[in-house]
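# Secondary and tertiary structure notes
Each chain is listed here by its residues.
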Amino acid sequence: MKITTFDPLIVTPDAEAVKKVFADLGFQVTHAPVTTTEVGDAHIFRMKHEAGYHVDVVSSAREIERDEMQIRMNVDDFEEAYNILTARGYKNTRGDDTIDTKSAKAATMVSPSGFRISLVKHIKDHE
């Protein structure tokens, strides 16, 4: 399994405020997909700094009171990464379900201590 992206992801009830902080630090939005979930649309803002750093800001589709920190980990083999994490006690927040779109397969994995990894495999061959 190859990790292709590993960076911070902030799930927030106020994406505009968080994006402004990072814009003031020199980050710019480079990609802004919308993912439809069973509770609504999640707006994802991928931000990049000229030094090569990235941060993802997600406007949560679910009701949350404060920001939540996660690590976004893109991989080339979702099942292998999923099995590695579950073997170490991580639980999928959706049970055994995943978010499946035309361009990605994803699941939020929670460690026994509560740390979250957003596990993603991008699907390159889609319309």
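Note that this is a predicted model, so its numbers are computed, not measured.

### Comments concerning the overall build of the chain
- When helices and strands are tallied, the chain shows two helices and ten strands.
- Counting from the amino terminus, the chain carries its helices and strands in the arrangement β-α-β-β-β-β-β-α-β-β-β-β.
- Whereas a compact globule of 127 residues would reach a radius of gyration of roughly 14 Å, the chain reaches 14 Å, a difference of no more than 12%.
- In terms of overall dimensions, the chain has C-alpha extents of about 40 × 35 × 30 Å along its principal axes.
- Counting only contacts in the chain whose residues sit at least 6 apart along the sequence, the fraction spanning at least 24 positions is 53%.
- Accessible area for the chain stands at about 7900 Å²; split by element, carbon and sulfur atoms hold 50% of it.
- The positive charge centre, built from 16 side chains, and the negative charge centre, built from 21, are 3 Å apart in the chain.

### Describing the nonpolar core
- By size, the foremost hydrophobic cluster in this structure holds eleven residues: Met73, Val75, Phe78, Ala81, Tyr82, Leu85, Tyr90, Ala107, Met109, Ile117 and Leu119.
- Only strand S6 (68-75), helix H2 (78-87), strand S9 (104-110) and strand S10 (116-122) provide two or more residues apiece to this core.
- Ranked by residues supplied to this core, first place goes to H2 with four residues.
- Apart from the residues within four sequence positions on either side, Tyr90 is in contact with Leu85, Met109, Val110, Ser111, Pro112, Phe115 and Ile117.
- Ranked by size, the runner-up nonpolar core spans nine residues in total, among them Val18, Phe45, Val55 and Val57.

Reading guide: rules and limits
- Residues numbered from 1 in each chain as written.
- Predicted model: local features only at pLDDT ≥ 70, side-chain atom pairs only at ≥ 80, totals over all residues.
- Heavy atoms only, no water.
- Helix = DSSP H or I, 4+ residues; strand = E, 2+ residues; numbered from the N terminus.
- Rg over C-alpha atoms; globule rule 2.2 N^0.38 Å.
- Contact = heavy atoms within 4.5 Å.
- Areas by Shrake-Rupley, 256 points an atom, 1.4 Å probe, with all protein chains shown as cover.
- Lys, Arg positive; Asp, Glu negative; His and termini not counted.
- Charge placed at Lys NZ, Arg CZ, Asp CG, Glu CD.
- Core = buried A, V, L, I, M, F, W, Y, C linked by side-chain atoms within 4.5 Å.
- Buried < 20%, exposed > 50% of the residue type's maximum accessible area, 1.4 Å probe, protein only.

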